[in-house]
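Residue-level structural notes
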Amino acid sequence: MFRAYTALVLLGVIWGSNFIFMKWATAVITPSQTVFLRVLFGFIPLVLIAWRHKAITREQLAYLPHFIVMSVLATSFYYYGFIAGTALLPSSIAGLLSGSIPIFTFLGAALFLPEERSTKQMALGVALGFAGIALSARPWQGGMNISFIGVLWMLAGSLSVGASFVYARRFLSHLKLSPLALATWQIGLAVITLALLIDFDGITDIATDAQALWGTVLGLGVLGTGAAFLIYYFIIETLGSVRAAGATYIAPIVAVIIGAIIGEAITYVEIIALLLILGGVLLIQTGRK
């Protein structure tokens, strides 16, 4: 049990530190190129472990359309939204906004999963969460300090991954596929589609900046994608999905702390927004009947 909770904290730290790595990478290469390198170096450890455990089978090709949808919702577009948003925002604000993922997951479940009954407590959680998002974006400042486009990209990424949870619950959960197989398929397909779609011109510029290079390869790829999936599924198997979701509380806090360490302005507004979002997520998580 101690190992599982240690892994939970570690996962929150990995997710929370991803935002500074995204910031470093997008200072050198484009967001789409950053996404490609992230999924490529995240896919390598996953596919090796999946091969060792024989998690991938020919019979799973029958579910290829579902894997393609998941690769878009839970990998390609999700990562692009977060990376494009982080490129335009302070890393602390981007990390703070990532806490909205459970809020969008709840809204999607309420709309498309009849068995997911909402409660007044959960509705209050959504209201608090969106209050925190609005406080983070600060639209009344006219975009002087916070990029509204950056906020929209972060929310689009959160909406995408939130929708992926709902899609998986509705179309994949009854298939009893191993989480390792699903993760390997969705990230592998994302590598292929991104390789066909993105412009590679200038992608080698990442090698001119050691900080950006290792932050992308190790921070975003090996740790932030490959290892993060494996740790997450270990926590689910040990503690269950509800407790595993606790990592989403840790990540925004880590992102804000890292932002403060590197000199980003952290005011009482960011602190209140963080508390509102985390409070909203807590109400949602504990409000299920």
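Coordinates for the structure precede this section.
Report follows, based on the coordinates.

1. Some words on the side chain of Thr184
Mapped onto the elements of the fold, Thr184 is located in helix 8 (residues 179–197). Of note is the side chain of Thr184, whose polar atom sits 2.7 Å from the backbone oxygen of Leu180.

2. Here's the deal with unusual backbone geometry
Here the phi dihedral of Lys54 falls at roughly 55°; this positive angle occurs in a residue that is not glycine. Relative to the assigned elements, Lys54 resides in the loop between helix 2 (31–52) and helix 3 (64–88). The backbone of Lys176 sits at a positive phi, close to 60°, despite the residue not being glycine. Counting through the fold element by element, Lys176 comes out in the loop between helix 7 (148–171) and helix 8.

3. Comments concerning the environment of Phe67
Along the chain, the position of Phe67 falls in helix 3. On the accessibility criterion, Phe67 (0% relative accessible area) is buried. Spatially, the C-alpha atom of Phe67 lies 7.2 Å from that of Leu182, the residues being 115 residues apart in sequence.

4. Let's talk about helix 2
Between the first and last C-alpha of helix 2 there are 32 Å, a value that for 22 residues agrees with the 32 Å anticipated at 1.5 Å per step. A maximum bend of about 25° is found in helix 2 at Phe43, where proline Pro45 lies one to four positions downstream. Inspection of helix 2 places Gln33, Thr34, Val35, Phe36, Leu37, Arg38, Val39, Gly42, Phe43, Leu46 and Ala50 among the buried residues, and these make up the whole buried set. In this fold, the buried residues of helix 2 make contact with helix 1 (2–26), helix 3, helix 8 and helix 9 (210–239). At the exit of helix 2 stands Lys54, carrying a positive phi of roughly 55°.

What counts and how
Residues numbered from 1 in each chain as written. Predicted model: local features only at pLDDT ≥ 70, side-chain atom pairs only at ≥ 80, totals over all residues. Heavy atoms only, no water. Helix = DSSP H or I, 4+ residues; strand = E, 2+ residues; numbered from the N terminus. Polar contact = N/O pair within 3.5 Å; in protein donor to acceptor, adjacent residues only side chain to side chain. Buried < 20%, exposed > 50% of the residue type's maximum accessible area, 1.4 Å probe, protein only. Expected span 1.5 Å × (residues − 1). Bend = angle between axes of the 7 residues up to and from the residue. Contact = heavy atoms within 4.5 Å.

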